[in-house]
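Here is what each chain is made of, one letter per residue.
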Amino acid sequence: MKLNLIFVGFVLLLMSSCITSRSTSPQAVTPHVETQLEMVTRADWGWVPLTDTIPTHEIKYITIHHGGEDFPEDKDVIKYLIGLQSWSRSDKNWIDNPYHYMIDLQGKIYEARPIEYPGDTNTDYDVRGHALICVMGNYENQILSETQFEQLALLTATLADKYGVANDLIKSHKDYTETLCPGKDLYRYLEDGSLIKRVAELRKP
Ligand SMILES: [Zn+2]
């Protein structure tokens, strides 16, 4: 039985490679996310477990933000994450950091609020159903690097595949409400469609 399955797999592989090799376009093979994305887990950065919860939600959208404050190269990311968590709880009365994932200046990805709980916002859109990704920094003033762009696309593609989010439901904060977020140098990649194009290339066929 197992051997049969291996054989069927082999035949399918042969068939798919035939289809690919017959194609004339060099872009015929769509790269997709093969492995789990590398990220700094909550345990890795010293996240303090939740002391309160809110009703859970199902992910239907992916929404991109920036941190909104200038982020110098030498700023301590871990201290920033811990500070943001503590401010969110004590000053805002939120259950946790407002975003589910955060990306630093080097493109490193950090887990933040557990994704089963809706995030939080200082603006007025309904965050239920949204997976919130925040790129640290202020992209009204800062420039998004190529690595940050690629990591953002990879994380977005991974989440989109995992939760079955359609490409046209991947947007930014600004698309839902009056705000500068995610800043002009990040928003331009949403506006010109290049981020979604890259996400589409990375998604599983
Ligand atoms: Zn935002």
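Note that the structure is a prediction, hence the values are computed from the model and not measured.

**Let's talk about the overall build of the chain**
Move 1: Summing up its helical and strand segments, the chain has six helices and five strands in all.
Move 2: Across the chain, helices and strands are ordered from the amino to the carboxyl terminus as α-α-β-α-β-β-β-α-β-α-α.
Move 3: Buried residues in the chain amount to 44% of all 205 residues.

**A closer look at the packing of aromatic side chains**
Move 1: Applying the stated criterion across every chain, the model contains four aromatic pairs.
Move 2: Ring geometry for Trp87 against Trp94: centres 5.8 Å apart, planes inclined by 90°, an arrangement best described as edge-to-face.
Move 3: Between Tyr125 and Tyr176 the ring centres are 5.7 Å apart and the planes differ by 15°, which places this aromatic pair in the stacked class. Here Tyr176 lies in the loop between β5 (170-172) and α5 (184-191) and Tyr125 lies in the loop between β3 (109-111) and β4 (130-135), a separation of 51 residues in the sequence.
Move 4: Residue Tyr176 is classed as partly exposed on the basis of its relative accessible area of 29%.
Move 5: One Lys or Arg, Lys75, reaches over the ring of Phe71 and ends 4.9 Å from the middle of that ring.

**Some words on the coordination of the zinc ion**
Move 1: Around the zinc ion, the protein supplies His65 (ND1), His173 (ND1) and Cys181 (SG) as donor atoms, at distances of 2.0 to 2.2 Å.
Move 2: Each donor residue of the zinc ion lies on one chain, and together they are spaced H-x107-H-x7-C. On the criterion of sequence distance, the pair formed by His65 in strand β1 (residues 61-66) and Cys181 in the loop between β5 and α5 is long-range, its members being 116 residues apart. The residues His65 and Cys181 share a single accessibility class, namely buried.

**Let's talk about helix α3 (residues 77-90)**
Move 1: Compared with the 20 Å implied by 1.5 Å per residue over 14 residues, the 20 Å span of α3 between its first and last C-alpha is a close match.
Move 2: Of all the residues in α3, the buried ones are Val77, Tyr80, Leu81, Leu84, Gln85, Ser88 and Arg89. When α3 is viewed along its axis, its buried side chains cluster within an angular range of 160° and face the same direction. Seen from the buried face of α3, the exposed residues on the opposite side, beyond 90 degrees, are Lys79 and Ser90.
Move 3: Buried residues belonging to α3 abut α2 (42-45), β2 (101-103) and β3.
Move 4: Sitting at the amino-terminal end of α3 is Asp76, which places a side-chain oxygen 3.1 Å from the backbone nitrogen of Ile78.

Procedures and definitions
- Residues numbered from 1 in each chain as written.
- Predicted model: local features only at pLDDT ≥ 70, side-chain atom pairs only at ≥ 80, totals over all residues.
- Heavy atoms only, no water.
- Helix = DSSP H or I, 4+ residues; strand = E, 2+ residues; numbered from the N terminus.
- Buried < 20%, exposed > 50% of the residue type's maximum accessible area, 1.4 Å probe, protein only.
- Phe/Tyr/Trp six-rings, centres within 6.5 Å; stacked < 30°, edge-to-face > 60°.
- Lys NZ or Arg CZ within 6 Å of the ring centre and 35° of its normal.
- Donors = N, O, S within 2.8 Å, 3.2 Å for Na, K, Ca; no water.
- Expected span 1.5 Å × (residues − 1).
- Arc of directions from axis to C-beta.
- Contact = heavy atoms within 4.5 Å.
- Polar contact = N/O pair within 3.5 Å; in protein donor to acceptor, adjacent residues only side chain to side chain.

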